[in-house]
Amino acid sequence: MYTVNSFKRYLLFVVFLMTTCIAPSLASQQPNIILIVADDLGYNDVSFHGSNQIPTPNIDFLGYTGIILNNYYVSPICTPTRSALMTGRHPIHTGMQSGVIVGTQPYGLPLNETILPQYLNQLGYSSHIVGKWHLGMFKWEYTPLYRGFKSHIGYYQGCEDYYTHTYEANLQQWGLDFRQDKDLLWNYTGKYSTDIFKDEALRIINKHNKSQPLFLYLPFQSVHSGNGDSTHLQAPKRYIDKFQYIENGQRRIYAAMLSALDDAIGEIYDALKNSGLLDNSIIVFTTDNGGPANGFDFNAANNYPLRGVKATLWEGGMRGVGLVHSPLLQKQGYVSEQMFHVCDWLPTFYKAAGGDPSTLKNLDGFNSWEMLNTNGNPIRSKMLHNIDPLDKSAAIRVGDYKLLVGNVMSGWDGWYPPYQLYDDQKLLHYSNYTDKTFQSSGMLMLRDKLQKQYSEFWPKQVTSRLEELYTFYQKSDIYSKFRPNLGKNETSLLFSPQKSSNTFSGTPVTLNCGPKPSNASDNCKPNVAPCLYHIPSDPCEYNNLAFSKPDIVTELLNELKAYSDTMVPPGNKPYDDAGNPTRHGGAWVPWQ
């Protein structure tokens with residue numbers, strides 16, 4: 001007969017068996033999660049979106065053999081996106097909806113928010129961050145090591161010099177912002193940040209204990225501009241020299257920055273493969289916002305043919321480059337047209353990691369793992385882009401329709417083709433070179449010549465890398481179990497490099513905007529009246545439908561009102577000169 005004490009001993013024995021035998025088994029089944037974030041990457045800056053200037057073979061490979069997210073949205077600027085990525089909550093619910101944290105502003109992502117590494121650590125993960133934080137640093141409690149990450153090499157602020165690793169908030173506030181964990185790194189001057197972050201990621205991957213699942217958060221610095229009063233775009237000369245067919249100096253350096261990032265991602269993929277981690281990994285690649293095109297923020301990114309730039313609520317500011325790559329996916333090699341928002345990553349990762357997303361409270365994101373895994377039915381039918389009470393602007397998407405209200409930065413509401421010629425950065429504010437009436441025959445001939453140089457310069461180098469990656473994809477046992485299981489109306493994106501023709505199939509996912517009407521630039525004045533666009537048929541936001549569809553405008557305004565009723569005030573704070581690096585030995589450090 002069992003006594004109370006003997007029953008307690010029995011229970012302890014059962015718990016012991018569960019923790020020593022079952023838990024390791026579960027841990028070995030949990031996927032490694034590699035989350036790579038590019039900073040300020042434009043929609044038209046990856047060749048899987050049809051970029052005809054900058055080849056991105058490693059990024060393309062991940063997309064073509066994984067899932068290309070073609071209805072994917074982020075916030076229009078970096079701090080809000082990173083807050084949503086880490087919390088699964090919309091920035092209007094965390095006070096991060098207005099602008100970014102700059103210099104000595106003493107605020108950050110609220111400490112009462114549980115963030116992604118903390119959730120994953122509860123499931124047994126080892127979490128590391130390599131790169132940019134930008135979610136608060138005025139107190140140590142707001143920095144990565146206090147919020148679930150085991151290690152960090154990188155920087156706290158929004159941008160910095162790629163070689164000196166100093167950050168300028170203004171000419172009176174300038175100092176080193178680079179550290180390993182909590183220790184400042186003064187001896188990395190001259191080392192390019194993309195290489196530093198790549199090497200640290202390789203070190204973590206190669207030394208990782210496979211008995212524990214890995215969460216590696218890789219928010220790269222590229223391709224953000226450097227300091228405003230210093231060199232804006234920076235890359236190693238060996239990369240810049242690859243792009244001589246781009247006459248415009250700014251765009252050439254930008255291309256070099258992106259090419260270095262693409263190579264780094266390729267090396268990280270190879271390390272996962274060679275270490276044996278790839279067969280149980282999920283790789284996600286995303287931008288944090290649209291590209292700062294046409295000289296915005298001293299940059300040369302590109303979102304064409306989308307409208308607008310970073311920090312705007314036009315599609316060019318928020319429609320994100322995104323993909324998922326994993327041998328664990330039941331369906332691979334397809335384009336996802338389901339609506340997906342940056343808030344959705346947290347519950348999606350949590351589900352893939354073996355957690356129950358229904359236990360997570362107050363999330364705005366939706367678990368989309370099954371949807372992505374099987375190319376299943378859409379999970380969400382609407383998304384709030386933003387409500388900014390300081391800038392007095394808002395945008396929302398419900399179904400196929402998008403509504404814009406207020407100050408959506410009309411000064412940056414154009415359609416900006418990529419820089420190519422030397423003078424393009426001077427002309428594109430008022431001249432769209434796709435309209436040949438603005439171009440001399442000599443300029444058109446030069447553009448054609450440079451374009452041919454691109455097509456002649458890259459194919460062998462690009463296809464050789466794609467062949468190498470694809471050969472592994474085809475032969476590896478990792479991928480033999482799952483092949484695209486497509487319906488009769490679906491098309492596989494899996495590409496097959498052909499050595500004989502020096503080409504590869506893998507059709508870029510491009511946008512069809514139709515003809516641009518003559519009144520496209522002035523048929524919407526959101527400061528005067530709301531503007532309405534049908535995004536599937538008009539992704540370039542040419543045709544304002546607000547006057548012809550007043551009922552839909554009313555419906556979306558009511559949706560905005562419902563969201564605004566749940567909004568918390570922005571957390572933005574005035575500058576505090578106590579955080580000035582001149583008071584802390586020339587470095588940015590927590591000062592409160």
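Residues numbered from 1 in each chain as written. Predicted model: local features only at pLDDT ≥ 70, side-chain atom pairs only at ≥ 80, totals over all residues. Heavy atoms only, no water.

Counting secondary structure elements, the protein contains 15 helices and 20 strands. Evaluated residue by residue, the protein yields a buried proportion of 58% over its 592 residues. At a minimum sequence separation of 6, the contacts of the protein that also span at least 24 residues come to 73%. For the protein, the exposed area adds up to about 23,300 Å²; of that, 54% sits on carbon and sulfur atoms. (Helix = DSSP H or I, 4+ residues; strand = E, 2+ residues; numbered from the N terminus. Buried < 20%, exposed > 50% of the residue type's maximum accessible area, 1.4 Å probe, protein only. Contact = heavy atoms within 4.5 Å. Areas by Shrake-Rupley, 256 points an atom, 1.4 Å probe, with all protein chains shown as cover.)

Packed helix pairs are specified by the crossing angle of their axes together with the interaxial distance, meaning the distance between the axes. Where helix α2 (residues 57-64) meets helix α13 (residues 459-475), the axes come as close as 9 Å, and the angle between the chain directions of the two elements is 35 degrees. Considering only the axes of α2 and α13, their crossing is right-handed. Here Pro 57, Asn 58 and Phe 61 of α2 lie close against α13, whose contacting residues are Val 462, Arg 465, Leu 466, Leu 469, Tyr 470 and Tyr 473. (Axes fitted to C-alpha atoms, helices over the stretch in contact; angles between N-to-C directions. Left-handed = near helix turned anticlockwise from the far one by under 90°.)

Compared with the 39 Å implied by 1.5 Å per residue over 27 residues, the 39 Å span of helix α7 (residues 249-275) between its first and last C-alpha is a close match. Of all 27 residues making up α7, 21 are buried, and the element is well covered by its neighbours. Capping the start of α7 is the job of one residue whose side-chain oxygen sits 3.1 Å from the backbone nitrogen of Gln 250: Asn 248. Backbone geometry just downstream of α7 places Gly 276 in the positive-phi region, at approximately 85 degrees. (Expected span 1.5 Å × (residues − 1). Polar contact = N/O pair within 3.5 Å; in protein donor to acceptor, adjacent residues only side chain to side chain.)

Turning our attention to helix α5 (residues 193-207). Compared with an ideal rise of 1.5 Å per residue, which puts 15 residues at 21 Å, α5 spans 21 Å between its outermost C-alpha atoms and is within 8% of the ideal. In this fold, the buried residues of α5 make contact with β4 (126-132), β5 (151-155), β8 (179-180), β10 (214-219) and α7.

Under the definition given, this model contains 26 salt bridges. Here Arg 82 ties to Asp 288 by a salt bridge, and the two come within 2.9 Å at their closest N and O atoms. Here Arg 82 is found in helix α3 (residues 78-87), whereas its partner Asp 288 is found in the loop between β11 (281-287) and α8 (315-318), with 206 residues between them in sequence. On the accessibility criterion, Arg 82 (1% relative accessible area) is buried. Residue classification places Asp 288 among the buried residues on the basis of a relative accessible area of 0%. Ionic pairing is found between Lys 351 and Glu 370, a salt bridge with its closest N-O pair at 3.8 Å. Here the residue Lys 351 occupies a position in helix α9 (residues 345-352), and Glu 370 occupies one in helix α10 (residues 369-374), the gap between them amounting to 19 residues. (Salt bridge = Lys/Arg side-chain N within 4 Å of Asp/Glu carboxyl O.)

Let us look at the confidence of the model for the protein. Per-residue confidence for the protein gives a mean pLDDT of 90, with 88% of residues at or over 70. Low pLDDT, under 50, characterises residues 6-27; the stretch is placed with 5 contacts to residues that sit more than four places away or in other chains. Between residues 497-504, whose pLDDT stays under 50, and residues either more than four places distant or in other chains, the model counts 20 contacts. (pLDDT = per-residue confidence, 0-100.)

Next up on the list: the sheet that holds strand β17 (residues 401-406). On the basis of which strands lie adjacent, the open sheet formed by 4 strands has the order β15-β16-β17-β20 and antiparallel pairing. Sheet topology places β15 (382-388) and β20 (531-534) at the edges, where each strand pairs with a single neighbour. If you compare each strand with its neighbour and ignore which way they point, the axes differ by 10 degrees on average. In the sheet, β15 pairs with strand β16 (residues 393-398) via 6 bridges, with the strands oriented antiparallel. Pairing of Lys 382 across the sheet is with Val 398, part of β16. (Pairing = 2+ DSSP bridges.)

Once that is clear, we can look at the packing of aromatic side chains. The final tally for this structure, using the stated rule, is 28 aromatic pairs. For the ring pair Tyr 162 and Tyr 192, a centre distance of 5.5 Å and an interplane angle of 20 degrees mean the geometry is stacked. Remark: Tyr 192 occurs in the loop between β9 (183-184) and α5 and Tyr 162 occurs in the loop between β5 and β6 (166-170); sequence separation between them is 30 residues. Taking the centre distance of 6.5 Å and the plane angle of 65 degrees together, the rings of Phe 197 and Phe 220 count as edge-to-face. Linking Phe 197 in helix α5 with Phe 220 in the loop between β10 and α6 (237-240), this pair joins segments that are 23 residues apart in sequence. For the residue pair Phe 197 and Phe 220, the accessibility class agrees, reading buried in each case. Here a set of aromatic residues connected by ring pairs shows up, and it is made of Tyr 155, Phe 178, Tyr 188, Phe 197 and Phe 220. A cation over a ring is seen here: Arg 307 above Trp 314, with NZ or CZ 3.9 Å from the ring centre. (Phe/Tyr/Trp six-rings, centres within 6.5 Å; stacked < 30°, edge-to-face > 60°. Lys NZ or Arg CZ within 6 Å of the ring centre and 35° of its normal.)

This paragraph deals with the nonpolar core. Core analysis: the biggest nonpolar cluster contains 73 residues, and Leu 41, Leu 216, Leu 218 and Phe 285 have the highest contact counts within it. No other element matches the 14 residues that α7 contributes to this core. Among all residues touching Phe 285, those that are not within four sequence positions of it are Ile 36, Ala 38, Leu 41, Ile 59, Ile 265, Val 321, Gly 322 and Leu 323. With 51 residues, the next largest nonpolar core counts Val 74, Tyr 107, Leu 329 and Met 371 among its residues. (Core = buried A, V, L, I, M, F, W, Y, C linked by side-chain atoms within 4.5 Å.)

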